[in-house]
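Summary of structural features
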Amino acid sequence: MDDKIKEEIMKQLRAYVVRSVRYTTWVENVEHVPKKDGKTKVCVDYRDLNKASPKDNFPLPNIHILIDNCAKHAIQTFVNCYAGYHQILMVEDDVEKTAFTTPWGTYYYKVKPFGLKNAGETYMRVMTTIFHDMMHKKIKVYVNDIIIKSKTQADHMRDLKMFFERLRRYDLKLNPAKCVFGFCLGSSPVLYSAGEKLRHYLLAYTTFLVSRMDPLKYIFQNTMSTERLAKWEILLTEINIVYVTHIAIKAQALADHLTENPVDDDYEPLSAYFPDEEEYPEHSKGDKKSTIRQLAGGFFQNGEILYKRTLDLNLLRCIDATEADQIMSEMHSGVCGPHMNGYVLAKKILRVGYYWLTMERDCFGFVHKCYQSQIHGDLIQSPSSELHSMSSPWPFIAWGMDAIWTIEPKASNGHRFILVAIDYFTK
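Since the structure is predicted, the reported quantities are computational estimates derived from the model, not experimental observations. (Residues numbered from 1 in each chain as written. Predicted model: local features only at pLDDT ≥ 70, side-chain atom pairs only at ≥ 80, totals over all residues. Heavy atoms only, no water.)

1. Quick word on helix H12 (residues 321-333)
Taking 1.5 Å of rise per residue, the 13 residues of H12 would be expected to cover 18 Å, and the 18 Å separating its terminal C-alpha atoms lies within 8% of that figure. Looking only at H12, the buried set comprises Ala324, Ile327, Met328, Met331 and His332. Within H12, the buried residues cover an arc of 115 degrees as seen down the axis, which keeps them to one side. More than 90 degrees from the buried face of H12, the exposed residues found are Thr322 and Gln326. (Helix = DSSP H or I, 4+ residues; strand = E, 2+ residues; numbered from the N terminus. Expected span 1.5 Å × (residues − 1). Buried < 20%, exposed > 50% of the residue type's maximum accessible area, 1.4 Å probe, protein only. Arc of directions from axis to C-beta.)

See below:
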């Protein structure tokens, strides 16, 4: 495994991604992570550096809304930027902070490395700056994954041309292994069309069909074929086709999701609200604007409804005081309300998808005002008495030992036994 790490480091040295260094203030360890394609990804443990770095609150888009807004577009292209974060140069004063040590020397990154705090936010800010006039119209961007969507073939070629011109202008590179071009929704007879038009080529060679599932199995094993399926079967039996399972990639997963979840004519995608300029209340200056930006970063507005973003990318519907009182009353003392305490009540409301800023405080106040909770709540039955001070004896007057063995598998430091000593009085 050390040889694979050395090979990856040497490749990054030749590409001017890393540079050797002798004296540095920060230094981290390097780890290897095997990838699905058999290659090795070198990762640096930046946990200590991330703890000392401030948080960038640039908002990341909601992946569910991006996929939803791609509906009703007949043709789409999914692309992935090659080594996304490595296309952003580090500030010269901060490059030594990315230093990491290996058995062959100490190196630092000249470009933004993976695993560094705010890497995704920084890259998303760059992509927003580059494609600001195309986003939410012709393309959808989620960090280094981009979807180009069009309603017709002609529009798609024009959108792709505009997209590639923008890539050349800013010298951005794509990863062809993770790109799917010209994906059409609802194009099931693709095999038949290809076999009919390219028959003279396919007959002379072996054709490898790369797909997530084997469509030929359904065609050839169907006992009651329709007229169309029978035509496909006759043509495809002349061609030597070998089925190869497709390795899952992010772009293909998005395409599969859109294919497996068709929409009808009445469907309308979510219209996200993205203001061109920041708006603040009157008389907001300095620190107040900073506080408003931090609070607004965790919320999302769709039409007249405000949602709260959670860490797992779910959306909680924000409600006013009137709705909050109704929900607390129903959840706490409704038909199935168990009269839980304030903390449990707040968590239960979050689980059903509602949120407001003073939720926890309001839930505790609601429980305190509930008559049944105060009457039937847990009561302390012991009578009141005076407190008596106790004099402690000298330390370890009586103590005991216990041993645990044999630990399998052994600990990371090689230990297999645990010896526990407890002072009976002070614990």
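Next comes the rest of the write-up.
2. Here's the deal with the nonpolar core
Ranked by internal contacts, the top residues of the largest apolar core, which has 23 residues, are Met127, Phe131, Ile139, Ile146 and Phe163. Among the secondary structure elements, those contributing two or more residues to this core are helix H4 (119-130), strand E7 (139-142), strand E8 (145-150) and helix H5 (153-169). The biggest single contributor to this core is H4, with five residues. For Phe131, the residues in contact, after removing those within four places along its chain, are Ile139, Ile146, Phe163, Arg166, Leu167 and Leu172. Formed by 19 residues, the second largest nonpolar core is a distinct cluster that contains Val17, Tyr107, Tyr108 and Leu116. (Core = buried A, V, L, I, M, F, W, Y, C linked by side-chain atoms within 4.5 Å. Contact = heavy atoms within 4.5 Å.)

3. Details of the sheet that holds strand E3 (residues 40-44)
If you trace the five strands from one edge of the open sheet to the other, you get E1-E6-E5-E2-E3, paired in mixed fashion. On the outer flanks of this sheet lie strand E1 (18-20) and E3, each paired with one strand and no other. Strand-to-strand twist in this sheet, taken as the mean axis angle between neighbours without regard to direction, amounts to 40 degrees. Two strands pair when backbone bridges link them, and E1 and strand E6 (residues 105-109) are joined in this way by three bridges, in the antiparallel orientation. When the bridges of E6 are listed, Arg19 appears paired with Tyr108. (Pairing = 2+ DSSP bridges. Axes fitted to C-alpha atoms, helices over the stretch in contact; angles between N-to-C directions.)

4. Regarding the packing of aromatic side chains
Two descriptors summarise a pair of aromatic rings, namely the distance from one centre to the other and the angle between the planes of the rings. Here the structure, examined in full by the defined rule, presents six aromatic pairs. Ring geometry for Phe100 versus Tyr109: centroids 5.4 Å apart, planes at 40 degrees, classification tilted. Classification of Phe100 as buried rests on a relative accessible area of 0%. Aromatic side chains Phe164 and Phe181 sit 6.4 Å apart centroid to centroid with 20 degrees between the ring planes, which places their arrangement in the stacked category. (Phe/Tyr/Trp six-rings, centres within 6.5 Å; stacked < 30°, edge-to-face > 60°.)

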